[in-house]
Amino acid sequence: MSIRNLGRMFAPRSVALIGASDRPQSVGAVVSRNLLRGGFAGPIMPVNPRHAAIESVLCYPDIDHLPVVPDLAVIATPAVGVPALVDALGARGCRAAIVLSADFGRGAANGADLRQALLDAAKPHLLRVIGPNCLGVAVPGIGLNATFSHIPPLTGDVACLTQSGAIATTLIDWATSRGIGFSHMVSLGDMADVDVGDMLDYLAHDGQVRAILLYVEGVTEARKFMSAARAAARTKPVIILKAGRYLASATAATSHTGALAGADAVYDAAFRRAGMLRVGSLDEMFSALETLSHARRIPGDRLTILTNGGGVGVLATDALIGVGGTLAQLSAATLAALDGILPATWSRGNPVDIIGDADGARYAAALEIVLADPETDACLVLNCPQAVTTTLESAEAVIATLRKLDVRAQSKVMVNWLGEGAARAARSRFAEAGLPSYETPERAVTGFMHLREFRRNQQLLIRVPPATPVGFAPDLGAARAIVATAGAAGQEWLDEADSKALLAAYGIPVATVRRVAQADQVADAAREIDRPVAVKIISPDITHKSDMGGVALDLATPEAAGIAAHAMLARIRAAKPDARIEGFAVQEMVTRPDAIELIIGLVSDPIFGPVLLFGRGGTAVEVIGDKALALAPLDMMLARDLIASTRVSRRLAGFRTVPPADLDAIALSLVKLSQMTADLPELVELDINPLLADPHGVMALDARIRLGRRAPFAILPYPSALERRIALKDGTQILVRPVKPEDAPAFERNFQRMRPEDIQHRFFAAMKALPVQLLARLTQIDYDREMAFVALPPLETGQFDDGYGVVRIAADPDNERAEFAVIVRSDWQGRGLGRALMDLILDYARDRGLAEVWGTILHENTGMIDLVRRLGFTVRADPEDPTLVTATFAIRLG
């Protein structure tokens, strides 16, 4: 399940507290006090057979005696009785419960059995459970405080989700002291039912929630988590603190990629792919909360620092440069304007040091000039306490200045008034004025970087990737035959020749290689290649060949290759006598003097499935440690981003007399590896090391590939199996395939060919161009939750077209209902394409298991209304808008 019945959890009309108590300092007593004193408008019904009343509120002996069915139940009783209570609540019609009770975990006797019993009791009633073993839930805006926190959270618009009750109370305490509030404070506990993905889905659609703060210790149901996180991050900042960064991997890695792809690095890649901002500590989370609690969006990456103390200005600059930030270069006009109002000894640059005796008037004048500078995307205002001025006067001057300016200028400013006693009153005034205020320059810089990263993530989410180069068509039959043969033989690792053959099937250039069974055959194989060669041992028992002396390089003659093979065999038998020797790989020596050694690889993460790696390669790859990870699948844009995340990317751009490497060839190799991963689910680990890269392209010199079983993709790859042909009523053959991100330019061109009335009918508004954000939403499809098909000419016709029409559905997180939309290019209307596309999407919805497809249509769009009626839709007028009708199609399953 996902968001079903969560409305009962977070917007209940009535609440029952099972286990209410008046025993001092008991959980039941604290929750009773918090619920009854929180200001909740509906009935709160304590349940405990031992009490007649709790805090003067009538207490009921059991669930059956409750006068009304509670929307939400809060359970604070021993764990052993909780499943029966949940079953009784569900039978009465309750659909949401918060289980505070512990002892459901691995450390408790029968904990796992109790957890399953809890879920079994809830499932028949579709009753949703938060917990067990949690602090509870607070929704301050409706006066709901179903927690045993020591203080109630204030009302705000930042939602906080945490797996740790201790973190929740810490955040509440810290935020309350600064006047910061929450829309939701949710302690998820052990996440037996409702998990982080469910909550992200729910909060993403809540217009009262402006930002989401997460503390997690692990992720369950990675695909749901990624879909929910990507959807939420498109609409609001999502900041996450993940604990357990340095836990040792549970499984020993057997390849370079496996060793480099640590569990936390995979989490990092997942959060980055989802568009979330990751923080590394509670201190950084506090900075994030301060930033997110005030509406702030910045237009760029450049920071101006305004200070009355040169030293703290330098500290702020050091902090900024240390985390990759950028100081604004103030314009000549700005410097001249500052010259006119500042003492002659001012810094004449950024940081703008307005000197220690600066009063409020000087702060105000300098701030107004700086904010007018076109190079300033944000401004950090610092203040050190001085004997000749008051910090409060300067703070009031900053606040008054911002009130005179427009919202855009106001949103650029963050402040740091240093000190304690002298700064306390100023910080209170900043909180009242809605300005983000920090205790140290470093925290302030961290807050700015959060804003910068959020802006960059939003830009990444709407970028259009370049198309994969024409001509990339893997030999899937050959690839599957290699894997099937190895699997039938019980091979875990492909040998050198098969590994190279598999890469070649996907168009990854490989060096010529021959496989022989005996050392005596090596010289003949070298003679066939007719170039200097390398000789490598083939053994399923030797993972890293070079470490065992199983590689010989630069063998100029066939005779030298034969001698090297015999010597190698002797070394291996002496060092590892039990190793199975299956032969030798004889490979041409590739001479590319300016080439850079890279590594690309695949590893299967137990949570997030296939993960791709790129970095600096060679024998010292693990020592160098220059690598970056990305969740599969990849397109050309994501591949380029992965490359740019490494230090070696600077070398690939060219240096001194070495020309730039072919970055497109490198990126395409990653895309090919991603496609191989999608096509061959048996691949669990793969190294190409080294992959040589230079201006002439790439070449794989060595590859190691392991077969087995892996976790599924966290992000569904392009579903090529859904490509199909359809015939229109006039016999025209059409190729219909799922929409890809690189279709965006074609969508833009097609939009320009549409009649204004057709645009109005599809988007319910007059538009001259597709907004960038909308274009991204239309072409970047989450195939797990939505689907869009585009109609094109068949490939074998050789015709190129931007597409004749598109049909799509977007399912709710519960996969019950889906909204449809369809558009046919104006010059293709009247040929039956709209009907064919609707038939296709309804068949897809049926195969997916959806119960209903619905859509909203303009009342004036009579053609569309007639079509859906002929398809069997029920059409009704919209009761709230007479210009609209709603069309609903009930799907009969089975």
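On a predicted model such as this, the values are computed, not experimentally measured, just so you know.

Student: With reference to specific residues and values, describe the overall build of the chain.
Tutor: When helices and strands are counted, the chain shows 30 helices and 38 strands. Here the chain has a C-alpha radius of gyration of 32 Å; the compact-globule value for 894 residues is 29 Å, and the two agree. Counting only C-alpha atoms and orienting by the principal axes, one finds that the chain spans roughly 95 × 80 × 70 Å. Within the chain, contacts between residues at least 6 apart in sequence are counted, and of these 72% link residues at least 24 apart. Within the structure as shown, the chain displays about 37,100 Å² of accessible surface, and the carbon and sulfur contribution to it stands at 53%. In the chain, 90 side chains carry a positive charge and 100 a negative one; their mean positions are 2 Å apart.

Student: For unusual backbone geometry, give the residues involved together with the corresponding values.
Tutor: Of note, the bond from G131 into P132 is cis; its omega dihedral lies within 30 degrees of zero at -5°. Structurally, the position occupied by P132 is in the loop between strand 7 (128–130) and strand 8 (136–139). In this structure, P690 follows N689 across a cis peptide bond, with omega equal to 5°. By the element assignment, P690 lies in strand 28 (residues 683–694). For N5, which is not a glycine, the phi torsion comes out positive at approximately 65°. As for its position among the elements, N5 is in the segment before helix 1 (6–10). At S56, a position not held by glycine, the phi torsion is positive, near 70°.

Student: Any chance you could break down helix 29 (residues 833–848) for me, citing the residues and the numbers?
Tutor: Under the 1.5 Å per step criterion, the end-to-end length of helix 29 is 22 Å for 16 residues, consistent within 8% with the ideal 22 Å. Taken together, the buried positions of helix 29 are occupied by L833, G834, A836, L837, M838, L840, I841, L842, Y844 and A845. Downstream of helix 29 by one or two residues, G849 has phi in the positive range, about 95°.

Student: Please provide a residue-by-residue account of the sheet that holds strand 21 (residues 513–516), values included.
Tutor: With antiparallel pairing, the 4 strands of this open sheet are ordered in space as 21-24-22-23. Unpaired on one side and paired on the other, strand 21 and strand 23 (551–555) mark the two borders of the sheet. In this sheet, neighbouring strand axes are inclined to one another by 20° on average, regardless of whether the strands run parallel or antiparallel. As judged from the 4 bridges shared by strand 21 and strand 24 (residues 583–588), these two strands associate in the antiparallel manner. Pairing of V513 across the sheet is with Q587, part of strand 24.

Student: Can you break down the sheet that holds strand 10 (residues 154–162) residue by residue, with the values?
Tutor: Here we have 7 strands laid out as an open sheet, ordered 9-8-11-10-12-13-14, and mixed in their pairing. Edge strands, defined here as strands with exactly one partner in the open sheet, are strand 9 (144–147) and strand 14 (277–279). Going across the sheet, the axis of each strand differs from the next one's by a mean of 25°, ignoring polarity. Taken together, the 2 bridges between strand 8 and strand 11 (residues 181–187) define a ladder with antiparallel strand orientation. Bridge pairing in strand 11 links A138 to M185.

Student: Help me get a handle on the pattern of salt bridges, residues and values and all.
Tutor: In this structure the tally under the stated criterion is 51 salt bridges. R4 serves as the salt-bridge partner of E816, at 2.0 Å between the closest nitrogen and oxygen. Residue E816 is found in the loop between strand 34 (805–811) and strand 35 (817–824), and its partner R4 is found in the segment before helix 1; the two are separated by 812 residues along the sequence. R817 is paired through a salt bridge with E852; the nearest N and O atoms lie 2.6 Å apart. Taken together, the residues R817 in strand 35 and E852 in strand 36 (residues 852–858) connect sequence positions 35 residues apart.

Student: Explain the state of the cysteines residue by residue, including any values.
Tutor: Enumeration over the complete set of coordinates arrives at 0 disulfides. No disulfide involves C379; its sulfur sits 15 Å from the nearest other cysteine sulfur, which is in C384.

Student: Give a detailed account of the packing of aromatic side chains, specifying residues and quantitative values.
Tutor: Summed over the entire model, instances satisfying the criterion amount to 12 aromatic pairs. Relative to Y844, the ring of F789 has its centre 5.9 Å away and its plane inclined at 80°; by these criteria the two rings are edge-to-face. Of this pair, F789 sits in strand 33 (residues 786–792) while Y844 sits in helix 29, placing them 55 residues apart in sequence. Accessibility expressed as a relative area gives 1% for F789, which makes it buried. On the numbers, 3.8 Å between centres and 15° between planes, the contact of Y804 with W828 is stacked. Residue Y804 is located in the loop between strand 33 and strand 34, and its partner W828 is located in the loop between strand 35 and helix 29; the two are separated by 24 residues in the primary sequence. Overall, the relative accessible area of 6% leaves Y804 in the buried class. Put simply, the rings of F225, Y267, F271 and F608 pair up and form one aromatic cluster. Seen from the ring of Y718, K740 lies directly overhead, with NZ or CZ sitting 4.8 Å from the centre.

Student: So what's going on with the nonpolar core? Which residues, and what values?
Tutor: As a rule of thumb, soluble globular proteins bury nonpolar side chains together. Within the largest apolar cluster, 66 residues are counted, with the highest numbers of intra-cluster contacts made by F10, V74, L200, L214 and F608. Non-local contacts of L214, meaning those with residues more than four positions away in its chain, are made with L161, V196, L200, V238, I239, I240, L241, M276 and M285.

Student: Residues and numbers for the packing of helix 13 (residues 360–372) against helix 14 (residues 391–404), please.
Tutor: Orientation of helix 13 relative to helix 14, taken along the N-to-C sense of each, is 35°, at an axis distance of 8 Å. For the pair helix 13 and helix 14, the sense of crossing is right-handed. Of helix 14, the residues touching helix 13 (which contributes G360, Y363, A364, L367, E368 and L371) are E393, S394, A397, V398, T401, L402 and K404. Looking at the contact of helix 13 with helix 14 residue by residue, the classes come out as 7 nonpolar, 3 polar and 3 charged.

Student: Explain the pairing of strand 38 (residues 884–890) to me, using residue names and the numbers behind them.
Tutor: For strand 38, the tally of buried residues reaches 5 of 7 residues, placing the bulk of the element in the interior. One ladder, built from 7 bridges, connects strand 36 with strand 38; its direction is antiparallel. Within strand 38, the position partnered with E852 by the bridge is A890. Inspection of the sheet shows strand 37 (residues 874–877) paired to strand 38 by 4 bridges, in the antiparallel sense.

Student: If you had to explain the side chain of R278 to someone new, which residues and values would you point to?
Tutor: Along the polypeptide, R278 turns up in strand 14. In this structure the side chain of R278 is engaged in a polar contact, spanning 2.7 Å, whose partner is the side chain of D264. Side-chain polar atoms of R278 contact the side chain of D268, separated by 3.2 Å. In this structure R278 touches I240, K242, R245, D264, Y267, D268, F271 and E284, once residues within four positions along its chain are discounted.

Student: Describe the pairing of strand 6 (residues 96–99), listing the residues and the values that go with them.
Tutor: Here strand 6 shows a buried face lined by A96 and I98 and a second buried face lined by A97 and V99. Where strand 5 (residues 72–75) meets strand 6, 3 bridges bridge the pair, whose relative direction is parallel. Following the sheet pairing, V74 is matched in strand 6 by I98. With helix 3 (residues 82–92) bridging strand 5 and the parallel strand 6, this β-α-β connection has right-handed handedness. As paired elements, strand 6 and strand 7 share 3 bridges and run parallel to each other.

Student: Quick one: what's the story with the environment of S428, residue by residue and with numbers?
Tutor: Looking at the secondary structure, you find S428 in helix 16 (residues 421–433). Between the C-alpha atom of S428 and that of D694, which follows or precedes it by 266 residues, the distance is 58 Å.

Definitions and cut-offs
- Residues numbered from 1 in each chain as written.
- Predicted model: local features only at pLDDT ≥ 70, side-chain atom pairs only at ≥ 80, totals over all residues.
- Heavy atoms only, no water.
- Helix = DSSP H or I, 4+ residues; strand = E, 2+ residues; numbered from the N terminus.
- Rg over C-alpha atoms; globule rule 2.2 N^0.38 Å.
- Contact = heavy atoms within 4.5 Å.
- Areas by Shrake-Rupley, 256 points an atom, 1.4 Å probe, with all protein chains shown as cover.
- Lys, Arg positive; Asp, Glu negative; His and termini not counted.
- Charge placed at Lys NZ, Arg CZ, Asp CG, Glu CD.
- Expected span 1.5 Å × (residues − 1).
- Buried < 20%, exposed > 50% of the residue type's maximum accessible area, 1.4 Å probe, protein only.
- Pairing = 2+ DSSP bridges.
- Axes fitted to C-alpha atoms, helices over the stretch in contact; angles between N-to-C directions.
- Salt bridge = Lys/Arg side-chain N within 4 Å of Asp/Glu carboxyl O.
- Disulfide = S-S within 2.5 Å.
- Phe/Tyr/Trp six-rings, centres within 6.5 Å; stacked < 30°, edge-to-face > 60°.
- Lys NZ or Arg CZ within 6 Å of the ring centre and 35° of its normal.
- Core = buried A, V, L, I, M, F, W, Y, C linked by side-chain atoms within 4.5 Å.
- Left-handed = near helix turned anticlockwise from the far one by under 90°.
- Nonpolar A, V, L, I, M, F, W, Y, C, P; charged D, E, K, R; others polar.
- Polar contact = N/O pair within 3.5 Å; in protein donor to acceptor, adjacent residues only side chain to side chain.
- Right-handed = clockwise from strand over helix to strand, strands pointing away.

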